[in-house]
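Structural overview
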Amino acid sequence: MQRSQFNEYQIIHLDRYRIDHRYVYRTLKRVGDFVFSLGGLVALSPLLLVVALLIKLEDHGTVFYKQKRLGRGGKVFYMYKFRSMCMDADEKLAELKKYNEVEGAMFKLKHDPRVTRVGHFIRKTSIDELPQLGNVLMGHMSLVGPRPPLPNEVAQYSKYDKQRLYVTPGCTGLWQVSGRNEVGFKEMVALDLKYIQKSNLLYDLAIILKTIKIMIVPNGAY
């Protein structure tokens, strides 16, 4: 995606009242989230087991990684992923922040030395995100929505950026199917607000189908 697509003329100010009162859409979306996340966990259980074994065999560390994130309205929850980094990854973050390749309240490093061998593969294919189906089942997340941010990231948000928190965060979204790590923070916010403004069940389904395609033919994930 070209950065020139996002400029000052595309600023979006969302109607919070309208978003909060879309009861039919939110109810149907929650029913779909529950059904498909439960079905996904059952259907993908053999793959989940294999990935868990590979992670365990590589360095004998924990299989899952949980991290505090902020959901709709800034509500705190723990998001789960397959561990794709070394066990002391959080402790090493401070010394790597100077190499951050993304501007704004987000950290991304293409050749992050903390990523394990198994981690490279599951991140590239987005398999590391599959445990978040459990978060969806519990209602912390939706299948589609803005990515849930870290508390320290939200501390740097402007009032405009905080519009991302008007809806339940998702496992995938417009950002992930639009270049992902090749898209900067401002562009990510623009994509998230565009999604929130246009969101409907068919739009959600289109993003899910694009996500499945990207898992088969990976885009800019790392």
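Preceding this paragraph is the structure being described.
Residues numbered from 1 in each chain as written. Predicted model: local features only at pLDDT ≥ 70, side-chain atom pairs only at ≥ 80, totals over all residues. Heavy atoms only, no water.

A surface patch of positive charge is lined by Lys194, Lys198, Lys210 and Lys213. Breaking the positive patch down by element, the ones donating at least two residues are helix 8 (185–198) and helix 9 (201–216). Mapped onto the secondary structure, lysine 210 falls in helix 9. (Patch = residues over 30% accessible without salt bridge, like charges linked within 9 Å, V, L, I, M, F, W, Y side chains within 5 Å. Areas by Shrake-Rupley, 256 points an atom, 1.4 Å probe, with all protein chains shown as cover. Salt bridge = Lys/Arg side-chain N within 4 Å of Asp/Glu carboxyl O. Lys, Arg positive; Asp, Glu negative; His and termini not counted. Charge placed at Lys NZ, Arg CZ, Asp CG, Glu CD. Helix = DSSP H or I, 4+ residues; strand = E, 2+ residues; numbered from the N terminus.)

The next subject is the pattern of salt bridges. Under the criterion given, the structure shown has eleven salt bridges. Across the pair aspartate 20 and arginine 72 runs a salt bridge, and its minimum N-O distance is 3.0 Å. Residue aspartate 20 is located in helix 1 (residues 16–20), and its partner arginine 72 is located in the loop between strand 1 (64–70) and strand 2 (76–82); the two are separated by 52 residues in the primary sequence. Exposure remark for arginine 72: the relative accessible area of 32% places this residue in the partly exposed category. (Buried < 20%, exposed > 50% of the residue type's maximum accessible area, 1.4 Å probe, protein only.)

Two aromatic rings are characterised by how far apart their centres lie and by the angle between their planes. A complete count under the given rule lists three aromatic pairs for this structure. When the ring of tyrosine 157 is compared with that of phenylalanine 185, the centres are 5.6 Å apart and the planes differ by 45°; the resulting orientation is tilted. Placement of tyrosine 157 in the loop between helix 7 (151–154) and strand 4 (170–172) and of phenylalanine 185 in helix 8 is noted, with a sequence separation of 28 residues between them. Judged by centre distance (5.8 Å) and plane angle (25°), the rings of tyrosine 195 and tyrosine 203 are stacked. There is no split in this pair, since tyrosine 195 and tyrosine 203 are both buried. The ring of tyrosine 25 is capped by arginine 22, whose NZ or CZ atom sits 4.3 Å from the centre of that ring. Taking the ring centre of tyrosine 78 as reference, the NZ or CZ of lysine 66 above it sits at 4.6 Å. (Phe/Tyr/Trp six-rings, centres within 6.5 Å; stacked < 30°, edge-to-face > 60°. Lys NZ or Arg CZ within 6 Å of the ring centre and 35° of its normal.)

On the surface, Val31, Phe34, Val35, Phe36, Leu38 and Val42 cluster together into a nonpolar patch covering about 590 Å² of accessible area. As for its position among the elements, valine 31 is in helix 2 (residues 23–43).

What follows is about the nonpolar core. The biggest cluster of nonpolar side chains holds 34 residues, and the ones touching the most others in it are Leu14, Leu174, Phe185, Tyr195 and Ile196. Looking at this core, the elements with two or more residues in it are strand 2, helix 6 (132–138), strand 3 (142–144), helix 8 and helix 9. For this core, the leading source of residues is helix 8, giving seven residues. Those residues in contact with leucine 14 that lie beyond four places of it in its chain are Ile19, Gln163, Tyr166, Leu193, Ile196 and Gln197. (Core = buried A, V, L, I, M, F, W, Y, C linked by side-chain atoms within 4.5 Å. Contact = heavy atoms within 4.5 Å.)

This part takes up the packing of helix 8 against helix 9. Interhelical geometry of helix 8 versus helix 9 gives an angle of 135° and a closest axis separation of 9 Å. Compared by their axis directions, helix 8 and helix 9 come out oblique. Residue-level contacts link Lys194, Tyr195 and Lys198 of helix 8 to Tyr203, Asp204 and Ile207 of helix 9. Residue composition of the contact of helix 8 with helix 9, grouped by class: three nonpolar, no polar and three charged. (Axes fitted to C-alpha atoms, helices over the stretch in contact; angles between N-to-C directions. Parallel < 35°, antiparallel > 145°, perpendicular 65-115°, else oblique. Nonpolar A, V, L, I, M, F, W, Y, C, P; charged D, E, K, R; others polar.)

This brings us to unusual backbone geometry. The phi dihedral of histidine 60 falls on the positive side, at around 65°, and the residue is not glycine. Along the chain, histidine 60 falls in the loop between helix 3 (45–59) and strand 1. The backbone of serine 126 shows a phi angle near 65°, a positive value even though the residue is not glycine. A relative accessible area of 12% means that serine 126 is categorised as buried.

For the rest of this paragraph, the subject is the side chain of arginine 83. Tracing the sequence through the fold places arginine 83 in the loop between strand 2 and helix 4 (89–96). Of the residues examined, arginine 83 reaches a relative accessible area of 5% and is grouped as buried. Of note is the side chain of arginine 83, whose polar atom sits 2.5 Å from the backbone oxygen of threonine 62. If we skip the residues at most four places from it in the chain, arginine 83 touches Ile55, Asp59, Gly61, Thr62, Val63, Phe64, Tyr65 and Ile122. (Polar contact = N/O pair within 3.5 Å; in protein donor to acceptor, adjacent residues only side chain to side chain.)

By secondary structure assignment, the location of threonine 211 is in helix 9. A distance of 2.7 Å separates the side chain of threonine 211 from the side chain of threonine 172, its partner in a polar contact.

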